[in-house]
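Fold and geometry: a report
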Amino acid sequence: GDGSGDEATEKLLAEIPDMYRKPKMTMSHIGLSDFDFGKRNSTPFAGLEASVPNSFANPVLQCLYFQRELRTVLVEYCSDDPNCLATEAGFLFHMLDQAQGVKSRNKKCEARNLLRTFRLAPDAQALGLLEPTQLEPDQ
């Protein structure tokens, strides 16, 4: 090769089965808004929108969603507290449940409210777990 390690990297990547490789996505001139994510998701489940602030937390939220007992409790819970993480998680999990009935191949939900609520939690602020955003005025 050219000494940059590209050949070694390609050799290592060739050993990874296709189903575990990060898919290559090509965007059109209008970005991802016309990308067909349904081609990559053959399950009845919706994905979480990746273009919202702090969306790196999405995989953890999806793992929590698949904890049946936790999901059941949170979906049935509702608090009057506007900064209640359990209530926001319940709303998100309810949306993910409802999305299973949608006949679209491009199903996705946003965790924006839950992530905002989590970001505003004193413990999360003290630990610096989530990045502040300029789009949310109630910091």
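This structure is a prediction, so every number in the text was calculated from the model and none was measured. (Residues numbered from 1 in each chain as written. Predicted model: local features only at pLDDT ≥ 70, side-chain atom pairs only at ≥ 80, totals over all residues. Heavy atoms only, no water.)

Bringing unusual backbone geometry into the picture now. Within the chain, N54 stands out as a residue other than glycine whose phi angle is a positive 65°. Here N54 shows up in the loop between β1 (47-48) and α2 (58-65). Relative accessible area serves as the criterion here: at 9%, N54 is assigned to the buried category. (Helix = DSSP H or I, 4+ residues; strand = E, 2+ residues; numbered from the N terminus. Buried < 20%, exposed > 50% of the residue type's maximum accessible area, 1.4 Å probe, protein only.)

The subject of this paragraph is the environment of T43. Take T43: it is sitting in the loop between α1 (6-14) and β1. What makes T43 partly exposed here is its relative accessible area of 39%. Between the C-alpha atoms of T43 and Q100, which are 57 residues apart in sequence, the distance is 8.9 Å. At a separation of 3.2 Å, a polar atom in the side chain of T43 contacts the main-chain amide nitrogen of F45. (Polar contact = N/O pair within 3.5 Å; in protein donor to acceptor, adjacent residues only side chain to side chain.)

Further remarks concern the packing of helix α4 (residues 85-99) against helix α5 (residues 112-120). Where α4 contacts α5, the axes come no closer than 9 Å and their chain directions differ by 165°. Considering the angle they form, α4 stands roughly antiparallel to α5. Once α4 is placed against α5, the crossing between them reads as left-handed. Within the contact between the two elements, α4 uses L85, E88, A89 and L92 and α5 uses N113, L114, R116, T117 and F118. Across the contact of α4 with α5, the residue classes tally to five nonpolar, two polar and two charged. (Axes fitted to C-alpha atoms, helices over the stretch in contact; angles between N-to-C directions. Parallel < 35°, antiparallel > 145°, perpendicular 65-115°, else oblique. Left-handed = near helix turned anticlockwise from the far one by under 90°. Contact = heavy atoms within 4.5 Å. Nonpolar A, V, L, I, M, F, W, Y, C, P; charged D, E, K, R; others polar.)

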